[in-house]
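Letter by letter, the chains look like this.
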Amino acid sequence: MLEKTVYRELLSHAFDIPVSVTYWNGKTETYGDGDPKAKIEIKKEIPIKEMTSKPTLVLAEAYMNGDIEIDGSIQELVASAFRQSGSFLTNNPFLKHLPKISHSEKESEKDIQSHYDIGNDFYQMWLDKSMTYSCAYFEHDDDTLEQAQINKDRHILHKLNPVAGKRLLDIGSGWGTLLFMAAEDFGLHATGITLSQEQYDFTKEQIAKRHLEGKVDVLLEDYREVNEKFDYVTSVGMFEHVGKENLGLYFKKVKDFLEPDGRALIHGITGQHVGAGVDPFLNKYIFHGGYIPNMAENLTHVMDAGLQLTDLEPLRRHYQKTLEIWYANYMKVLDKVQAKYGVPFSRMWSLYLQASAASFEAGNIDVMQYLLTNAPSGTGLPMTRQYVYQKEQD
């Protein structure tokens, strides 16, 4: 009886939309005014101690295993929890005391491979054909995902205002799409770094297929081991993987990579509020060792590294839309995912994609593009931002 009372207290303040909850004893209660926007069925009792210590992990595992079913939009439900002030799902003091996660070179390699080496077959099921696994950039409302990913790479490269023949380094180069564009469309000599064997092999195959030998290189190496100089540096969705304790080193390495007056475009998920930057569910199942820094942290590290900020652009809505399209694509191949990887895995990724979209929708997280110079801000660039948009229309 006491546990049921505590459950009622927790869930009655968890969402800012009306929600009905059917408990393991068959009793249903509605929290909030009006018709329920979502219906939650808890088939198996979860000890209150577990619910209040690691709620996102415990509830996610229960959903993965079928002990919780949700009728309605998970994205809407999670966004509601993020909006609700004081929700036990988001205002959890436990997160401040998560154990320190190792980010040695060996551990970083294991973390990246655990996520990206699931197999190219998995990502090919629901990404666009460019195999770009990061926030797209929707210049127009009706842009396809593939076009928006092309837009994103062009947007990044245009911001750098690069000169053909110079050298570019892409830290965490994924499946190589930015490298190929840098070489083919901008005339740059492009080098990528990845710790994923799958991404490395795919990029090597594409270099040969596109006849880009001598123009594009890829290294299966930790970025901390590279000691060359480049005119431009890009990094998309990378600093979220380096860990809180290595953020300062990461930005110092960006500076070390740059020639004098060189420029860098760093694109990554960033909080616009002070928070834990970690989530037990994501760390266990999706991004092992992941840490999302807030904007103030990153800018402090930028200054400490001796770089200067030239431009900062939030792309929160673009990542929300990207995730919503990924989820729609994923649901079209759900049966194939279940057949190959099992039901718990398929439910885990469905939950992850929807919850991530919700996090961006509610402003719990953002994604930022930091344009940095290894010189006084704006060195080597036109006086206004107009050059970026002019180039995109040419």
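Before any of the text, the structure's been laid out above.
Now for a description of the structure that goes with this document.

Criteria and cut-off values
- Residues numbered from 1 in each chain as written.
- Predicted model: local features only at pLDDT ≥ 70, side-chain atom pairs only at ≥ 80, totals over all residues.
- Heavy atoms only, no water.
- Axes fitted to C-alpha atoms, helices over the stretch in contact; angles between N-to-C directions.
- Helix = DSSP H or I, 4+ residues; strand = E, 2+ residues; numbered from the N terminus.
- Parallel < 35°, antiparallel > 145°, perpendicular 65-115°, else oblique.
- Left-handed = near helix turned anticlockwise from the far one by under 90°.
- Contact = heavy atoms within 4.5 Å.
- Nonpolar A, V, L, I, M, F, W, Y, C, P; charged D, E, K, R; others polar.
- Pairing = 2+ DSSP bridges.
- Buried < 20%, exposed > 50% of the residue type's maximum accessible area, 1.4 Å probe, protein only.
- Lys, Arg positive; Asp, Glu negative; His and termini not counted.
- Salt bridge = Lys/Arg side-chain N within 4 Å of Asp/Glu carboxyl O.
- Polar contact = N/O pair within 3.5 Å; in protein donor to acceptor, adjacent residues only side chain to side chain.
- Core = buried A, V, L, I, M, F, W, Y, C linked by side-chain atoms within 4.5 Å.
- Domains from an automatic or database assignment.
- Expected span 1.5 Å × (residues − 1).
- Right-handed = clockwise from strand over helix to strand, strands pointing away.

## Some words on the packing of helix H10 (residues 247-257) against helix H12 (residues 295-305)
Axis separation between H10 and H12 bottoms out at 9 Å; the angle between their running directions is 45°. Accordingly, the angle class assigned to the pair H10 and H12 is oblique. Crossing handedness for the pair H10 and H12: right-handed. Residues Leu-247, Gly-248, Phe-251, Lys-252 and Lys-255 of H10 form the contact with H12, whose own contacting residues are Glu-297, Asn-298, His-301, Val-302, Asp-304 and Ala-305. Split by residue class, the contact of H10 with H12 holds four nonpolar, three polar and four charged.

## Some thoughts on the sheet that holds strand S4 (residues 68-71)
With mixed pairing, the four strands of this open sheet are ordered in space as S2-S1-S3-S4. With partners counted over all chains shown, the strands left at the sheet margins are strand S2 (28-31) and S4, one partner each. Taking the axes of each pair of neighbouring strands and ignoring which way they run, one obtains an average angle of 20° across the sheet. As paired elements, strand S1 (residues 19-22) and S2 share four bridges and run antiparallel to each other. Of the residues in S2, the one forming a bridge with Thr-22 is Thr-28.

## Let's talk about the side chain of Lys-253
The residue Lys-253 is located in helix H10 in this model. Salt bridges are absent for the buried Lys-253, whose nearest opposite-charge side chain, Asp-256, sits at 4.9 Å. Reaching out from Lys-253, the side chain makes a polar contact with the backbone oxygen of Val-226 at a distance of 2.8 Å. With sequence-adjacent residues up to four places away left out, Lys-253 is seen in contact with Tyr-223, Arg-224, Val-226 and Asn-227.

## Here we look at the nonpolar core
Counting 40 residues, the largest nonpolar core has Tyr-123, Trp-126, Tyr-133, Trp-326 and Trp-349 as its most contacted members. Secondary-structure elements contributing two or more residues to this core are helix H3 (55-64), helix H6 (120-124), helix H7 (145-160), helix H11 (280-286), helix H13 (316-332), helix H14 (334-341) and helix H15 (343-361). It is H15 that provides the largest number of residues to this core, a total of eight residues. When residues of this core are assigned to domains, at least three map to each of domain 1 (1-83) and domain 2 (105-388). Ranked by size, the runner-up nonpolar core spans 26 residues in total, among them Ile-193, Phe-230, Val-242 and Phe-251.

## Section: unusual backbone geometry
Its identity as a non-glycine residue notwithstanding, Met-131 has a phi of 60°, on the positive side. Among the structural elements, Met-131 can be located in the loop between H6 and H7. Of note, Asp-261 is a non-glycine position whose phi angle comes to about 70°, a positive value. Its place among the elements puts Asp-261 in strand S9 (residues 258-270). On the accessibility criterion, Asp-261 (43% relative accessible area) is partly exposed.

## Some remarks on H7
With 16 residues, H7 should reach 22 Å at 1.5 Å per residue; the first-to-last C-alpha distance of 23 Å fits that figure. With respect to burial, H7 is a largely interior element, 12 of its 16 residues being buried. What H7 keeps buried is the set Leu-145, Ala-148, Gln-149, Asn-151, Lys-152, Asp-153, His-155, Ile-156, Leu-157, His-158, Lys-159 and Leu-160. Of the residues one or two after H7, Asn-161 is the one with positive phi, at around 50°.

## Here we look at the sheet that holds strand S11 (residues 366-373)
In spatial order, the strands read S7-S6-S5-S8-S9-S11-S10; together these seven strands make up an open sheet with mixed pairing. Either end of the sheet is taken by a strand with one partner, and the two such strands are strand S7 (216-220) and strand S10 (308-314). For this sheet the average axis-to-axis angle between neighbouring strands, irrespective of direction, equals 15°. H10 rests against strand S5 (167-171), strand S8 (230-236), S9 and S11 of the sheet, and its axis sits at about 145° to S9.

## Regarding the pattern of salt bridges
Charged atoms that come close allow side chains of opposite charge to pair. Going through the model one piece at a time under the given rule, you end up with 15 salt bridges. A cluster of three or more residues bridged by salt bridges with shared partners is formed by Arg-8, Lys-27 and Glu-29.

## Things to note about the pairing of S9
With 10 of 13 residues buried, S9 is to be regarded as a mostly interior element. Pairing between S8 and S9: six bridges, direction parallel. Residue Thr-234 lies in a different strand from S9, and its bridge partner there is Leu-265. In this view, the connection linking S8 to its parallel neighbour S9 by way of H10 has right-handed handedness. Relative to S11, S9 runs antiparallel, the two sharing eight bridges.

It is worth stressing that arrangement in space is one thing and function is another; only the former is reported here.
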